[in-house]
Structures are given as structure tokens and as C-alpha cells.
Amino acid sequence: MTHIAIDESDVYFMLPIVEAFIRGYCFFRLVKPFMISEIMPQTTGDIESVDAYSLTKKKRLFWVGGAYFFIMLLLYIIPLQMKVLTAYGIGSLIMFFAICLADRRNYRQKAFLVVVFFSLNWLSAAIAEILYDNFYSFAENTRYMKCHPEMYLPLYAGLCICYMALEFILTCAGIWQILRVYKNKGEDMENKELVMLSLPSFIGIMAYDIMQNYRIFYILKVGKNKDSYDSFSLLFYGASVIMIVVVVVLYQDIRAKQEENQQTELLAMQVESIRHHMEQVESLYQNIRSIRHDMTNHILTLERLYEEHDGEEAKIYGRRLQAELIQMTGGAESGNPVTDVILREFDKKARKQGVSFRSEFHYPVNCDMDVFDISVILNNALQNAIENTGKGEEKQISVVSYRRNNAYIIEICNSFSGTIQWNAESRLPVTSKEKKDGHGYGLANIRRVAGKYAGDIDIALKKGEFCLCIMLMIE
């Protein structure tokens, strides 16, 4: 029996170590997608550096998970006069500061991750503990165990393994559900969102502490706990875990509807912009008809001037006529009246801001491409370009289009000297409530349009320029 007691103490000593390792791994799995999809600062280079940045983040996350394991192990080794739940709460607080040091942004989101992990893990451990205690109590009172006392050690070790496996499975199941439904992991949350998402976790932990104290009290006083109390506790702990996940699901549904409404509003604005451009096209056609009506008179005037050998006056008259034609038609010759109007409008906006505007855009011919889609691309891309030309002396915007077999490519570049933050999930610049650098606005819509034509977009920063390349596959 002495030998068995020593072996049982060894198992008891190893249990918190293995449990700390499991919790460190689970914590790593929870925070990894959120921190890998964090936005990354970048001033030079191109979007491919996001991969290298993500690799660096993964290495940091590995040490964050290891740090959680060592902190929990340290709190176990050092005898502290405090409850286990309090000790693990202190460890979680330390880990909050650790992940904030590893990635100094989205602090509210990180606080949510720490709170929800603390709650999920302890509720899962509580479920596993109740099942462990009841099964062990049942097994040790069987006739077989009373006749085979040497089997107490395998029973204890086996149930400890089952306890840790169940805790691991339940924790991972809750983490998997949260990661599955939580979208936009790179975005921070507001204070009210943090309170709403963390409240079920706080309620679950406080209720667990109260119910656990009553459970220990009954066991110490009576020798065992009431079966009905354990059944009720299991239901409550399970419902608490479900409530934590459900609140996250509802929150994500609300966010999805908000984004859908924003997309609808943006689409309505673009439709209104296209209607405005159509009105300008009609006005342009009226000007052209007016010019055609007067063209005969202009030609007769030029003929008379040449007949009278007044060549100098004819040249002056011709230049004035040419200037009037350019002014009336807008000077843009892209091959489509709608894109002509868009380019002319942004040319005027650029000149007002002292920005040089160069256009070599040509609308694709002999294809079934919708002019509405091209207008969405030009409107969003040129609006971003004008808003972000920088503050240097040479501010410029260029628009170029060309074909390579069945690939139609549009390149829009603008001078840029600021800092861009990339989202590693979408691989697009980010525009947040706190940081409105503008380049992230509308790029998702441009990518969506490109996707309709089996294409995509590419972004590069080179020589003080922000270059957006859109490729569309056309028949």
C-alpha cells in the first residue's frame, strides 16, 4: 500500500503539469487566428511581406503559449495562500499583458480572448471534475475493486487521463465554435462590445465559484455530494458554455447585417454616381450635336480666311475652335462616354488639389464587359488615389489600361509617402474607425468586381507610389 500511495502522489504531482501544458496549447490555438490576422504596419515593399510578418507572429505566439504554461506551472510550484481559481485568474491577467506586448494593438479584443478562455477552460474543467468524481466514487465501491485493491492505481491514473482528455475536448470544442463564427478577427471591438461579449463569461465564472464552494462544503460535511446537485451543476456549466458561444454568434450576425447594410448603401451611392455620369453624358452629346450644327459655319469661315490668304488669322481661329471642342467634350477619349465623364471629373478634382493627372485609359472593345463594373473600379480607385496623394511637391495620379491576350489590365498609381497597415487575411490595406488612411475603402468592391471576370487585384508600394493593378479576364 505504501508503494501505491507513492505512485498515486506521483500521478497527483504530474497532473497539474500536464494540465498546464494542455491549457497553454488551448490558449495558443485560441489567440493564434486573431493575432495572425492582425493588421501589420508597412511603409515600403509589397504585399508579399505579409507572409513573412505572419511567420514572425506565429513564432511570437508559440512563445506566448509557452509562457502561459510556465506561468501556470510556477503558480502551482510556488505555495501561495490563495484559491486555485484566483491563482489562475492572476496568471490570465499576466498573459493579457504578455500578448499585448507581443502585439500592441486591439487591446479590447485581447481582453475578450483572455476572459473567454479563462471561462471556457474552467467550466470545461468543472464538468470533467464532476464526471471524474462520480465515476470514481461508483468504481471504487464495486465488488471488483474491493476484491482487487491493486487496481486502485490504474483506476486513478486512467480516470486522471480521462479527466484531462475531457477537459481538453470540451475546451477545444468551445474554442473551435468561437473561431468558426467569429469573423473579421483583425478588427478591434468597442467598449460596449467587450462588455456584451465578456458578460456571459464573467457570470459563468462567478456562478462556478459559488457552486463549487457549496459542492466542497457538502463533500466535507456529509462525505459526498448530492447527485441532484451534481446533475444541476452539469446542466448549468454546459448551458454557460453554450451561452458564451451563442452570444458570440449573435454578435457576429449583428456585425454581418451592419456590413451588409453598409454594402447596400455603398452600392446605392455608386448607382447614383452612375446616374449622374449618365446625365453628364447626355449633356456631352447635346454639346456635340450643337458643335455639329455649327460646324458648317466654322468650316465656311476657315475657307474664306484661306481664300483671302489670311493664314495667320485662320490658325488663330482654328486653335480657338480646337480649344472649344476640347472644353465641350472634356478632352477624354477613352472609347466610352461614361468612362470619359468619370476621367474628366477626377481630372478636375485632381487639378483643384494641385495633383497632376495622366490618363492612358482605353475602354476594352469587342467584349461584353459591363460599363457599370468599370465605373465601380474607376470611381473607387481614383477616389482613393486623390485622397492619398501625399503632401510632397510632386503629387501625381496615373491611369493606364492595356490588354494581354484575353487579360484586360488597369493600373492606377498615385504618389504616396505615408504608412499602410495590411490585413493578413484579406491582404488589403485596412481602414478603421481610428485610422482612416483611405486606401482600404472600396478595394473590397474592386476585388469583387474583378472576381466577376475571373480576375483579381494586386497592390504594390514602390518608389513613393501606391500602385493598384486590376486584372479582368475577358472573352
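Cut-offs and rules
Residues numbered from 1 in each chain as written. Predicted model: local features only at pLDDT ≥ 70, side-chain atom pairs only at ≥ 80, totals over all residues. Heavy atoms only, no water. Helix = DSSP H or I, 4+ residues; strand = E, 2+ residues; numbered from the N terminus. Buried < 20%, exposed > 50% of the residue type's maximum accessible area, 1.4 Å probe, protein only. Core = buried A, V, L, I, M, F, W, Y, C linked by side-chain atoms within 4.5 Å. Pairing = 2+ DSSP bridges. Axes fitted to C-alpha atoms, helices over the stretch in contact; angles between N-to-C directions. Parallel < 35°, antiparallel > 145°, perpendicular 65-115°, else oblique. Left-handed = near helix turned anticlockwise from the far one by under 90°. Contact = heavy atoms within 4.5 Å. Nonpolar A, V, L, I, M, F, W, Y, C, P; charged D, E, K, R; others polar. Arc of directions from axis to C-beta. Salt bridge = Lys/Arg side-chain N within 4 Å of Asp/Glu carboxyl O. Patch = residues over 30% accessible without salt bridge, like charges linked within 9 Å, V, L, I, M, F, W, Y side chains within 5 Å. Areas by Shrake-Rupley, 256 points an atom, 1.4 Å probe, with all protein chains shown as cover. Expected span 1.5 Å × (residues − 1). pLDDT = per-residue confidence, 0-100.

S.K.: Can you explain unusual backbone geometry? Please cite residues and give values.
M.R.: In this structure, N405 takes a positive phi of about 60 degrees despite not being glycine. Assignment of secondary structure puts N405 in the loop between β4 (396-404) and β5 (407-415). Under the relative-accessibility criterion, N405 is labelled exposed at 75%. With a phi close to 55 degrees, A454 is a non-glycine residue in the positive phi region. Assignment of secondary structure puts A454 in the loop between α12 (443-452) and β8 (456-462). For A454, a relative accessible area of 61% puts it in the exposed group.

S.K.: Summarise the nonpolar core; cite the residues concerned and give the values.
M.R.: If you look at the biggest cluster of nonpolar residues, it comprises 65 residues, and the most contacted ones within it are F27, L30, F112 and Y237. For this core, the secondary structure elements donating two or more residues are α1 (2-36), α2 (49-77), α3 (84-102), α4 (107-140), α6 (152-181), α7 (191-222) and α8 (227-307). In terms of residue count, α4 provides more of this core than any other element does, 17 residues in total. With 39 residues, the next largest nonpolar core counts L343, A350, L382 and I470 among its residues.

S.K.: Talk me through the pairing of β5; I want residue IDs and the actual numbers.
M.R.: Burial runs high along β5: eight of the nine residues are buried. Bridging between β4 and β5 involves eight bridges; their strand directions are antiparallel. The partner of S401 across the bridge, within β5, is I410. Hairpin remark: β4 followed by β5, antiparallel, with two residues in the connecting loop; positive phi at N405, about 60 degrees. Pairing of β5 with strand β9 (residues 465-473), which is carried by nine bridges, proceeds in the antiparallel orientation. Bridge assignment links C413 to a residue of β9, and that residue is C467.

S.K.: Which residues make up the packing of α3 against α4, and what are the values?
M.R.: Packing of α3 against α4 brings their axes to within 10 Å, and their N-to-C directions diverge by 150 degrees. Accordingly, the angle class assigned to the pair α3 and α4 is roughly antiparallel. Seen from above, α3 lies across α4 with right-handed handedness. Residue-level contacts link V84, L85, Y88, G89, S92, F96, I99 and C100 of α3 to Y107, K110, A111, V114, F118 and W122 of α4. Of the residues contributing to the contact of α3 with α4, the split by class is 11 nonpolar, two polar and one charged.

S.K.: Talk me through the environment of V115; I want residue IDs and the actual numbers.
M.R.: Relative to the assigned elements, V115 resides in helix α4. The class of V115 is buried, set by a relative accessible area of 19%. For the pair formed by V115 and L197, sequence separation is 82 residues and the distance between their alpha carbons is 9.5 Å. Here V115 is in contact with S198, S201 and F202, once residues within four sequence places are set aside.

S.K.: Now, about α12: what can you tell me, with residues and values included?
M.R.: When we look at burial in α12, the residues that qualify are L443, N445, I446, V449 and A450. Down the axis of α12, the sector holding all buried residues measures 160 degrees, keeping them to one side. Residue A454 follows α12 closely and has a positive phi angle near 55 degrees.

S.K.: Tell me about the pattern of salt bridges, and name the residues and values.
M.R.: Applying the stated criterion across every chain, the model contains seven salt bridges. With a shortest N-O distance of 3.1 Å, E19 and R23 are connected by a salt bridge. With E19 and R23 both in helix α1, this residue pair falls four residues apart, about one helical turn. Relative accessible area serves as the criterion here: at 2%, R23 is assigned to the buried category. We note a salt bridge from D373 to K452, for which the minimum N-O separation is 3.1 Å. On the criterion of sequence distance, the pair formed by D373 in helix α11 (residues 371-387) and K452 in helix α12 is long-range, its members being 79 residues apart.

S.K.: With reference to specific residues and values, describe a nonpolar patch on the surface.
M.R.: A surface patch of nonpolar side chains, about 480 Å² in accessible area, is lined by L199, F202, I203, M206 and M243. With respect to the helices and strands, the residue M243 is situated in helix α8. Given the relative accessible area of 35%, M243 is considered partly exposed.

S.K.: Break down α3 for me, with residues and values.
M.R.: In this model, α3 (19 residues) spans 27 Å end to end at C-alpha, consistent with the 27 Å of a helix rising 1.5 Å per residue. Residues of α3 that are buried: L85, A87, Y88, G91, S92, M95, F96, I99, C100 and A102.

S.K.: How would you summarise the confidence of the model for the chain if you had to cite specific residues and measurements?
M.R.: With 74% of its residues at a pLDDT of 70 or more, the chain shows a mean pLDDT of 77. Throughout residues 38-48 the model reports pLDDT below 50, and contacts reaching past four residues in sequence, or to other chains, amount to 42 contacts. Contacts for the low-pLDDT stretch residues 432-440, under 50 throughout, to residues beyond four places or in other chains number 24 contacts.

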